[in-house]
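Letter by letter, the chains look like this.
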Amino acid sequence: GLVGHAIYEDLDAACGPDRRCPAGRQGDIDAGTALVVTSTALTFAAPIAAGVGILLLVLDSGADESDDAAARLVPGPGQVGLAVEGRL
């Protein structure tokens, strides 16, 4: 969001009050639009994800501690070199 706002401020100064931007600024316009859309989507997604996480914690709080489900990190393929191994 902050980067998108900075691009908007830069374009506002470069394009002037008549909103006529130089031809070479189309990439900045596209990047700014993409950043604004992404920022807005994540702004709405973050509280939803937090709510789901809290709900799962509340629902799981009554679970029996002797559950056999487990997960652990093990060496794996890819650039990270880690994988998650689990059992239910």
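What counts and how
Residues numbered from 1 in each chain as written. Predicted model: local features only at pLDDT ≥ 70, side-chain atom pairs only at ≥ 80, totals over all residues. Heavy atoms only, no water. Patch = residues over 30% accessible without salt bridge, like charges linked within 9 Å, V, L, I, M, F, W, Y side chains within 5 Å. Areas by Shrake-Rupley, 256 points an atom, 1.4 Å probe, with all protein chains shown as cover. Salt bridge = Lys/Arg side-chain N within 4 Å of Asp/Glu carboxyl O. Helix = DSSP H or I, 4+ residues; strand = E, 2+ residues; numbered from the N terminus. Buried < 20%, exposed > 50% of the residue type's maximum accessible area, 1.4 Å probe, protein only.

### Thoughts on a nonpolar patch on the surface
Together, Ile-48, Val-52 and Leu-56 line one region of the surface with nonpolar side chains, adding up to about 300 Å² of accessible area. Among the secondary structure elements, Leu-56 is positioned in helix α2 (residues 26-60). Residue Leu-56 is classed as exposed on the basis of its relative accessible area of 53%.

### Regarding the pattern of salt bridges
Counted under the stated rule, the structure contains two salt bridges. Here Arg-25 ties to Asp-10 by a salt bridge, and the two come within 2.4 Å at their closest N and O atoms. Of this pair, Arg-25 sits in the loop between α1 (2-15) and α2 while Asp-10 is found in helix α1, placing the two residues 15 residues apart along the sequence. In this structure, Arg-25 engages Asp-28 in a salt bridge whose closest nitrogen and oxygen atoms are separated by 2.8 Å. Salt bridges sharing partners connect three or more residues here, namely Asp-10, Arg-25 and Asp-28.

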